[in-house]
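Notes for the structure review
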Amino acid sequence: MTSARRGFLTGGTWCADYNRSVSHWPGEDGLAELFEEERHGGGSSCNLALDMRRLDPSMPVETVGLVGDDDDGRYLKATAEAAGIDTRQMVTTDAAATQFCDAYVSRKSHRRTHIFHAGTGALLTPDHFDFSTTRMRYLHLGLPGVHRTLDRPWHDEPNGWVAVLKKARAAGLETNLEHVH
């Protein structure tokens, strides 16, 4: 059955990344200079979906995600649609703000520090994942540790991630799970 399938379905983290370049990472009560700031789509689901479309514009890509009814949510959805990603399962909610991450890179050490707001990521559940109509071959899923509901037990499963992976495998998809690093 998988041989007739083609493409990638990404699920999980769609967040607005605010990338900031600073002079150095200060200690508590310290001070650092901000040099530049950019907003991009981020998170494992967003990153793989966009990267696959850049690598091969003919590759079909679908996504499952939850974004807020706010500027960041509209930005992420528009970014996905502009890249040709199927967003039928990218749900907009007014129950929380879109997940975002402030990513600081130190010009001194070149190390990155991430501070995130879970927002809509905390509300994503296995019920948001419908594999009944997809023709994609692979499910790329992530990021455990930043999705409160998926990180907890779900019905008879140890957590929501396991529930999603089992549901995907039962629907004939090959699966991959990306962890936070």
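Rules of the game
- Residues numbered from 1 in each chain as written.
- Predicted model: local features only at pLDDT ≥ 70, side-chain atom pairs only at ≥ 80, totals over all residues.
- Heavy atoms only, no water.
- Pairing = 2+ DSSP bridges.
- Helix = DSSP H or I, 4+ residues; strand = E, 2+ residues; numbered from the N terminus.
- Axes fitted to C-alpha atoms, helices over the stretch in contact; angles between N-to-C directions.
- Contact = heavy atoms within 4.5 Å.
- Core = buried A, V, L, I, M, F, W, Y, C linked by side-chain atoms within 4.5 Å.
- Buried < 20%, exposed > 50% of the residue type's maximum accessible area, 1.4 Å probe, protein only.
- Phe/Tyr/Trp six-rings, centres within 6.5 Å; stacked < 30°, edge-to-face > 60°.

Okay, the sheet that holds strand β7 (residues 112–117) next. Pairing is mixed across the open sheet formed by four strands, whose spatial order is β3-β2-β6-β7. A single partner strand is all that each edge strand has here, and the edge strands are β3 (34–42) and β7. Mean inter-strand twist for the sheet, computed between neighbouring axes without regard to direction, equals 20 degrees. One ladder, built from seven bridges, connects strand β2 (residues 15–22) with strand β6 (residues 100–106); its direction is parallel. Bridging across to β6, Tyr18 finds its partner in Asp102. Where helix α2 (residues 71–82) meets the sheet, it contacts β2, β3 and β6, and its direction lies at approximately 60 degrees from that of β3.

Moving on to the nonpolar core. Leu9, Phe129, Phe131, Leu139, Leu141, Val164 and Leu173 are the most contacted members of the largest nonpolar core, which has 15 residues in total. Counting residues per element, the ones that place at least two in this core are β4 (61–68), β8 (138–142) and α4 (160–170). Element by element, the count of residues in this core is highest for α4, at four residues. Those residues in contact with Phe131, other than ones at most four positions away along the chain, are Leu9, Leu139, Val164, Lys167, Ala168, Ala171 and Leu173.

Scanning the model with the defined rule gives four aromatic pairs in all. Pairing Phe8 with Tyr138 gives two aromatic rings, centres 5.2 Å apart and planes at 25 degrees, and the pair type is stacked. Linking Phe8 in strand β1 (residues 8–12) with Tyr138 in strand β8, this pair joins segments that are 130 residues apart in sequence. Classification of Phe8 by relative accessible area gives buried; the value is 17%. Taking the relative accessible area as the measure of exposure, Tyr138 reaches 30% and is therefore partly exposed. When the centroid spacing of 6.4 Å and the interplanar angle of 85 degrees are considered together, the rings of Tyr18 and Phe100 count as edge-to-face. One end of the pair, Tyr18, is in strand β2; the other, Phe100, is in strand β6, and 82 residues separate them in sequence.

Cis peptide bonds are those with omega within 30 degrees of zero, and the linkage from Gly142 to Leu143 qualifies with 25 degrees. Within the secondary structure, Leu143 sits in the loop between β8 and α3 (148–151). At Asp29, a residue that is not glycine, the phi angle is positive and equals roughly 65 degrees. Relative to the elements of secondary structure, Asp29 occurs in the loop between β2 and β3. What makes Asp29 exposed here is its relative accessible area of 85%. One non-glycine residue, His155, lies in positive phi territory at about 50 degrees. By the element assignment, His155 lies in the loop between α3 and α4.

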